[in-house]
Amino acid sequence: YTSGTTGSPKGVVHTHRTLIADSLQSPPAWEYDFDGVRALAVTPLFHIAAHTIFLPVLAVGGTLAIDTYRTDDTIALIGSLGINSFFGVPSILLMMADRARELGTTLPGVRALQFGAAPMPVAKLAQVRELFTQASFVHGMGQTESGGTLVTLPGTLAFERAGSVGFAMAGVDIAIFDETDHEVAHGTVGELVARGPNVMRGYLDPTKPFGIDLLPQGWHDTGDVVDVDSDGFIRILG
């Protein structure tokens, strides 16, 4: 089910195929597709976190450690367990950066740092860089309907393109629709729509055949207002 932050929660119909696809698409998109990945999970075990990071880590033969977030303990665990991939929402990462500065410590062993669910200003990103000195910073966004991920911003562009959530991950098509559900050109503000093997079949609806309101032509309306520049980089406006 969706979180219900902008309306009543909706039942999202995924299949084995959509979740397997997501497990194949996510590691390269979030840059933890290297040998010997060791990830630490301290975010709440909401299904988006499981689909985006945790299950794909296991799918690529990695190691997943799970703990409750406590700033000092999380910093210590990353070092003691040899964690090289870590996902955190900006608020967690900023608390860790502030505390690490007080402790005089850094975490150079982390190779991939993933974040999302909220904006991260460039000045704040620089503070986090002081802790994760060797990490590639990957920002992304998605929804329950997409298994967790639609677009990511590669770590090589984390600072240069800060403010963008990146571009579609492999296998995902995106478009911008107007209020009449017609596609508009890049550079025009509209609604982000997406389709791909990771996107749900549809929403639960007992009035429809088989209880599923299937997506038209496979396109999912995200509800996010965006624009896309000439290079394909997406910026969320509302």
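Bear in mind that the values here come from a model prediction, so they are computed numbers and not experimental data.

Novice: Would you explain the sheet that holds strand 4 (residues 85–87) in this entry?
Specialist: Sheet strands line up and pair through hydrogen bonds in the backbone, either parallel or antiparallel. The strand order across the open sheet built from 7 strands is 3-2-4-5-6-7-8, with neighbouring strands paired in mixed fashion. Only two strands of the sheet have a single partner each, and these edge strands are strand 3 (63–66) and strand 8 (167–168). Looking at chain direction, strand 4 and strand 5 (residues 112–116) are connected through 3 bridges and run parallel. Paired with phenylalanine 86 across the bridge in strand 5 is leucine 113. Relative to the sheet, helix 1 (residues 16–30) contacts strand 4, strand 5, strand 6 (136–141) and strand 7 (151–153), its axis offset from that of strand 6 by approximately 135 degrees.

Novice: Just to check I follow, could you spell out the packing of aromatic side chains for this structure?
Specialist: Two measures describe an aromatic ring pair: the distance that separates the ring centres and the angle between the ring planes. Tallied over the entire structure, the rule returns 5 aromatic pairs. Above the plane of the ring of phenylalanine 34 lies arginine 111, whose end atom (NZ or CZ) is 3.8 Å from the centre. One Lys or Arg, arginine 161, reaches over the ring of phenylalanine 233 and ends 4.1 Å from the middle of that ring.

Novice: Could you clarify how one ought to interpret the nonpolar core in this entry?
Specialist: Nonpolar side chains tend to gather and get buried jointly when the protein is soluble and globular. Counting 32 residues, the largest nonpolar core has Trp30, Tyr32, Ile53, Leu150 and Ile234 as the members making the most contacts within it. Among the elements of the structure, helix 1, strand 2 (38–41), helix 2 (47–59), strand 6, strand 10 (190–195) and strand 13 (220–228) are those that each provide at least two residues to this core. Among the elements that make up this core, the one with the highest residue count is helix 2 (4 residues). With near-sequence residues (within four places) excluded, tyrosine 32 lies in contact with Ser26, Pro27, Val37, Thr52, Ile53, Pro56, Val57, Val60, Ser85 and Gln114. Ranked by size, the runner-up nonpolar core spans 25 residues in total, among them Ile75, Ile83, Ile92 and Met120.

Novice: So what exactly am I meant to see when it comes to the environment of histidine 186 here?
Specialist: Note that histidine 186 resides in the loop between strand 9 (173–177) and strand 10. You can call histidine 186 partly exposed: its relative accessible area is 47%. Taking C-alpha positions, histidine 186 is 8.4 Å from alanine 175, a pair spaced 11 residues apart along the chain. Setting aside anything within four residues of it in sequence, one finds histidine 186 in contact with Val228 and Asp229.

Reading the values: the criteria
Residues numbered from 1 in each chain as written. Predicted model: local features only at pLDDT ≥ 70, side-chain atom pairs only at ≥ 80, totals over all residues. Heavy atoms only, no water. Pairing = 2+ DSSP bridges. Helix = DSSP H or I, 4+ residues; strand = E, 2+ residues; numbered from the N terminus. Contact = heavy atoms within 4.5 Å. Axes fitted to C-alpha atoms, helices over the stretch in contact; angles between N-to-C directions. Phe/Tyr/Trp six-rings, centres within 6.5 Å; stacked < 30°, edge-to-face > 60°. Lys NZ or Arg CZ within 6 Å of the ring centre and 35° of its normal. Core = buried A, V, L, I, M, F, W, Y, C linked by side-chain atoms within 4.5 Å. Buried < 20%, exposed > 50% of the residue type's maximum accessible area, 1.4 Å probe, protein only.

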